[in-house]
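Notes for the structure review
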Amino acid sequence: PPTQRALVLTSTAQPLELRTIPTPTASTGSAIVRVMATTVLTYGREIVTGVRTHPYPRPYVPGTAAVGTIVALGSDATTLRVGDLVVTDTFIRARDDPDVRFLQGIHQGGPDGSPYVRLVGDENGYRNGSYAEYFKVPLENCHRLPEKVGGAPATPIEWLRLSNMLIPFGGLTSDGGVDLRPGETIVIAPATGGFSGSAVELALDMGAHVVALGRSLEGLRRLENGLKEFVDRGRLRTVQMSDNVTPEDLAKAIGTVDCYLDLSPAAAANSPHLKACILALGVRGRACLMGGIEGDVALPHGVIMRNDLKITGKWMYERKSVGELIKMAEAGVLYLGRGESWSFKLEDWDAALLHAEKHARWGQITVFEP
């Protein structure tokens, strides 16, 4: 159709608006996707109200990963076909420089915070996200989905669970992550949120033993109950932490591990778990920092040096990781059926954002189904 309904953000001082806007058209290198379901970010309300300062040219349609069908393609498409069911990757890289990256509908990018306005400045390009009936995506960011997962059909919402797993998967791989291997032991901290809990689930499905660290006893119990099969097999153990514990005592509670994946929120800069998890690493242990801490943190320099520890940072994931997760799901190695989901229409955006914010634990996903 020539027009469509979409949520538009003009200013963080104004609420989102459900508007009728032109439907995007396909150009060279792009696909138009009809949105079946798209994730409502747990921190989406913070973005639209300005609490979380993500730079992005306005007005724009917010959004993130989506599952939908391709309705139009650029003339250079060779594999994708109109009618294909795809999951979209919101992490867009410039074709002439893959180090230039941004998050479609979320953040205009820049490894040092500098803007890549050329990539998002054109409203006929890839500025607008998925909180709409249709949106435009680069061909390479559309990933065709198989008909079945582990021998059974999967719903669009189940496929969207991949979006929560993709980010921590970047920290588990060898491309800047800890290079997790089957049979190894990894500590994930914190481990009770949407992304961090998905890291626990993913690491278990990858064949690892996991120590899940967190403050929330409720959140840890949720993990234990939802992943009981791994608790019963001795592959998942939880450790609750508190402010008055020393890093040394917390490291003893964790035990010796091969890897550490950090997914700390901004407020955790002074938490004892950062040092504790480094102390828990064995000789030649690996750590990957993926959390949202902006400031400096204190790390045990002597321990890092004497134990030959390797510490990396990772923003998001590599493009090939999307295809790898899809193959794991198709083979039945990665199970997408755990957890709860809730669906909203675009006109109920305010309730959807509030709901997503309040349901940000592992296994919980809120979606728009336009």
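As annotated in an unreviewed UniProt entry, the protein carries the name Alcohol dehydrogenase and comes from Trametes coccinea.

**Considerations on the layout of surface pockets**
Approximately 360 Å³ is the volume found for the second largest pocket. Lining the second largest pocket we find 23 residues, and of these Ile 21, Pro 22, Glu 123, Asn 124 and Asn 128 sit closest to its centre. The set of elements that each furnish at least two residues to the lining of the second largest pocket consists of β1 (3-8), β2 (17-22) and β8 (134-138). Residue composition of the lining of the second largest pocket, grouped by class: 12 nonpolar, 8 polar and 3 charged.

**Regarding the pairing of strand β16 (residues 281-289)**
Pairing of strand β15 (residues 257-262) with β16, which is carried by 5 bridges, proceeds in the parallel orientation. Bridging from a neighbouring strand, Cys 259 pairs with Arg 286 of β16. Where β16 meets strand β17 (residues 310-313), 4 bridges bridge the pair, whose relative direction is parallel. Residue pairing across strands places Leu 289 opposite Gly 313, the latter belonging to β17. Where the polypeptide runs from β16 across helix α9 (residues 301-306) and back to β17, its parallel neighbour, the crossover connection is right-handed.

**With respect to the pattern of salt bridges**
For the structure on display, the rule yields 20 salt bridges. Linking Asp 179 and Arg 181 is a salt bridge whose minimum nitrogen-to-oxygen distance equals 3.1 Å. For Arg 181, a relative accessible area of 43% puts it in the partly exposed group. A single network of salt bridges, built from pairs that share partners, joins Asp 179, Arg 181, Glu 184 and Arg 286.

**Focus on empty space enclosed by the protein**
Taken as a whole and judged by the stated rule, the model has 3 cavities of 30 Å³ or more. Within this model, the largest cavity holds a volume of roughly 90 Å³. Around the largest cavity, the lining residues are Leu 16, Leu 41, Gly 44, Ile 47, Val 48, Tyr 60, Pro 62, Gly 63, Gly 105, Ile 106, Tyr 131 and Leu 353. For the lining of the largest cavity, the leading source of residues is helix α1 (residues 44-49), giving 3 residues. Classifying every residue of the lining of the largest cavity by side-chain character gives 9 nonpolar, 3 polar and no charged. One number sums up the size of the second largest cavity: a volume of about 70 Å³. If you list the elements that add at least two residues to the lining of the second largest cavity, you get α3 (156-172), α4 (194-205) and β19 (364-368). Examining the composition of the lining of the second largest cavity, we find that 3 residues originate from one element, α3, more than from any other. Partitioning the lining of the second largest cavity into residue classes produces 3 nonpolar, 4 polar and 3 charged. Domain assignment of the residues forming the lining of the second largest cavity places at least three in each of domain 1 (3-144 + 338-368) and domain 2 (162-313).

**Regarding the pairing of β8**
Taken across its 5 residues, β8 has 5 buried, putting it largely inside the fold. Residues of β8 alternate between two faces, with Tyr 134, Lys 136 and Pro 138 on one and Phe 135 and Val 137 on the opposite face, all of them buried.

**What to know about the side chain of Arg 93**
Tracing the chain through its elements places Arg 93 in strand β6 (residues 91-94). The exposure class assigned to Arg 93 is buried, which follows from its relative accessible area of 7%. Those residues within four positions of Arg 93 in sequence are excluded, and the remaining contacts are Pro 98, Val 100, Arg 101, Tyr 317, Glu 318 and Arg 319.

**A closer look at the side chain of Asp 89**
Assignment of secondary structure puts Asp 89 in the loop between β5 (85-88) and β6. For Asp 89, the side chain forms a polar contact with the main-chain nitrogen of Phe 91, separated by 3.0 Å. Those residues within four positions of Asp 89 in sequence are excluded, and the remaining contacts are Asn 141, His 143, Tyr 317 and Val 322.

**Concerning the sheet that holds β16**
Read across the sheet, 6 strands follow the order β14-β13-β12-β15-β16-β17 without closing on themselves; strand pairing throughout is parallel. Each edge of the sheet is formed by a strand with only one pairing partner; in this case those strands are β14 (236-240) and β17. Adjacent strand axes in the sheet meet at a mean angle of 15 degrees when their direction is disregarded. Direction of pairing for strand β13 (residues 209-214) relative to β14: parallel, over a ladder of 5 bridges. Along β14, the bridge assignment pairs Leu 213 with Val 239. Contacting β12 (185-189), β13, β14 and β15, helix α7 (residues 247-254) runs over the sheet at an angle of about 160 degrees to β14.

Definitions and limits used
Residues numbered from 1 in each chain as written. Predicted model: local features only at pLDDT ≥ 70, side-chain atom pairs only at ≥ 80, totals over all residues. Heavy atoms only, no water. 1 Å grid on protein atoms, 1.4 Å probe; cavity = no way out; pocket = protein on both sides within 12 Å on 5 of 7 lines; lining within 4 Å. Points joined across faces, edges and corners; volume = space filled by probe spheres on them. Helix = DSSP H or I, 4+ residues; strand = E, 2+ residues; numbered from the N terminus. Nonpolar A, V, L, I, M, F, W, Y, C, P; charged D, E, K, R; others polar. Pairing = 2+ DSSP bridges. Right-handed = clockwise from strand over helix to strand, strands pointing away. Salt bridge = Lys/Arg side-chain N within 4 Å of Asp/Glu carboxyl O. Buried < 20%, exposed > 50% of the residue type's maximum accessible area, 1.4 Å probe, protein only. Domains from an automatic or database assignment. Contact = heavy atoms within 4.5 Å. Polar contact = N/O pair within 3.5 Å; in protein donor to acceptor, adjacent residues only side chain to side chain. Axes fitted to C-alpha atoms, helices over the stretch in contact; angles between N-to-C directions.

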